Amino acid sequence: MRAAPKILVVDDEVNLRNLVGSYLRAEGFDVVEAGTGEDAVAQVRRREPDLVILDVMMPGTDGIEALREIRRLSDVYVIMLTARAEETDKVVGLSVGADDYLTKPFSPRELIARVKAVLRRARTGRTSDDLLGFEGLEIDLGRRRVDRGGEERDLTALEFDLLAKLASQPGRVFSRRQLLEAVWGWDYVGDERVVDVHIRNLRRALSDDAANPELIGTVRGVGYRFLADQR
């Protein structure tokens, strides 16, 4: 019998942790809680959760700093929670390594829907041993490794999936919605602009200049396409 997916809920507000935890447990998830950024990092190290729900605004080590530490340990999927609506908060969280975000107040049902979509994507992820080879770039789909110019590049799980999707059909233009459905899940209900931040992070990780790209091109008003030709 398969063990229930383990979800780490991190928030200094006890009531919110209890609310989110109760919804998750009702759906059959194994819930672990943490009230501080320090404890969140310790729980990731100790419990190895399948997904982390992480609040941004916490005393002491806040969610952004905790996320930096978590990313040194794991590529676990992280959904950031923020009480602010400013774009900068979302961009900073995504740039540091968050995979998605929700702005408080949010619907617990929406959160549950996103959690389920993420875990479903993880279970049905690509396991092929195929290699995708391009000029100056090699993508090992089975080992989930990327080599750029003879150097292995460190990508998050989501960044790798995004790159693999684009590179699977060089030259094809993918809309943001198509990328969301393929990488985040067909039932993703968040902001499509999350794709733009992850593309920015991916370009930085691959040393691909957005102003003069060799790998990932922008199609204004539509989405993105992979530019390199397969060997």
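Residues numbered from 1 in each chain as written. Predicted model: local features only at pLDDT ≥ 70, side-chain atom pairs only at ≥ 80, totals over all residues. Heavy atoms only, no water.

A. Structural view of the layout of surface pockets. Approximately 280 Å³ is the volume found for the second largest pocket. Elements represented by at least two residues in the lining of the second largest pocket include exactly α4 (87-96) and α8 (194-206). (1 Å grid on protein atoms, 1.4 Å probe; cavity = no way out; pocket = protein on both sides within 12 Å on 5 of 7 lines; lining within 4 Å. Points joined across faces, edges and corners; volume = space filled by probe spheres on them. Helix = DSSP H or I, 4+ residues; strand = E, 2+ residues; numbered from the N terminus.)

B. The sheet that holds strand β8 (residues 145-148), seen in detail. Judged by pairing direction, the sheet is antiparallel, and its four strands sit side by side in the order β6-β7-β8-β9 without closing on themselves. The open sheet has two edge strands with one neighbour each: β6 (131-134) and β9 (151-153). The mean angle between the axes of side-by-side strands here comes to 20°, regardless of whether they run parallel or antiparallel. In the packing of helix α6 (residues 157-167) onto the sheet, the strands contacted are β6, β7 (137-140) and β8, and the crossing angle to β7 comes to about 110°. (Pairing = 2+ DSSP bridges. Axes fitted to C-alpha atoms, helices over the stretch in contact; angles between N-to-C directions. Contact = heavy atoms within 4.5 Å.)

C. The arrangement of the sheet that holds strand β11 (residues 216-219) in detail. Pairing is antiparallel across the open sheet formed by three strands, whose spatial order is β10-β12-β11. With partners counted over all chains shown, the strands left at the sheet margins are β10 (173-175) and β11, one partner each. If you compare each strand with its neighbour and ignore which way they point, the axes differ by 30° on average. As paired elements, β10 and strand β12 (residues 223-226) share three bridges and run antiparallel to each other. Residue pairing across strands places serine 175 opposite glycine 223, the latter belonging to β12. Across the sheet, α6 lies against β10, β11 and β12, angled at about 70° from β12, the strand it touches most. The strands touched by helix α7 (residues 176-184) within the sheet are β10 and β12, with β10 carrying the most contacts at an inclination of about 80°.

Just geometry here; none of it tells us what the structure is for.
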